[in-house]
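Report on the structure
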Amino acid sequence: MEEKDFCCEQKHVHDEICEQVCVDMPDDDTLFDVAELFKIFGDSTRIRILSALTKAEMCVCDIGSVLNMTKSAVSHQLRILRQAKLVKNRRQGKEIFYSLDDDHVLSIINLAVEHVVE
């Protein structure tokens, strides 16, 4: 396809549409934070961990076993996911169990999988 296939033949700005979009768009700081969030989702190892956590709350050893990863590698990725508020943890005795931080994370993962599978 040529560039002309992606552009209007004449320059004409639809003022009403543009004004409404400007009013409704999130501010630049919010959009920057969204882009940073998608960078976190851009790593297949972190997606595998998040996918596993959609099924059950798990400790580092469980995640490592399911994904065939070392405890160190899992812990490193969980630290990133925790800092991004995508996972949370709880202590039970000497063990720490991880789960998705909230239903928004579950929705994002489920929607992404559904989109790719379609």
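Bear in mind the structure is a predicted one, so any value in this text is a computation, not a measurement.

Thresholds applied
Residues numbered from 1 in each chain as written. Predicted model: local features only at pLDDT ≥ 70, side-chain atom pairs only at ≥ 80, totals over all residues. Heavy atoms only, no water. Salt bridge = Lys/Arg side-chain N within 4 Å of Asp/Glu carboxyl O. Helix = DSSP H or I, 4+ residues; strand = E, 2+ residues; numbered from the N terminus. Pairing = 2+ DSSP bridges.

This part is about the pattern of salt bridges. Applying the stated criterion across every chain yields a total of two salt bridges. Measuring nitrogen to oxygen at the nearest pair gives 3.0 Å for the salt bridge that ties Glu36 to Lys39. Of this pair, Glu36 and Lys39 both sit in helix α2 (residues 28-41), three residues apart, which is roughly one turn of that helix. Here Arg90 ties to Glu57 by a salt bridge, and the two come within 2.7 Å at their closest N and O atoms. Taken together, the residues span a long stretch of sequence, with Arg90 in strand β2 (residues 87-92) and Glu57 in the loop between α3 (44-55) and β1 (58-59) at a distance of 33 residues.

Turning to the pairing of β2, a few remarks are in order. In this sheet, strand β3 (residues 95-100) lies alongside β2 in antiparallel orientation, the contact comprising six bridges. Counted as the bridge partner of Arg91 is Ile96 from β3. Joining the antiparallel neighbours β2 and β3 is a turn of two residues, in which Gly93 adopts a positive phi near 65°.

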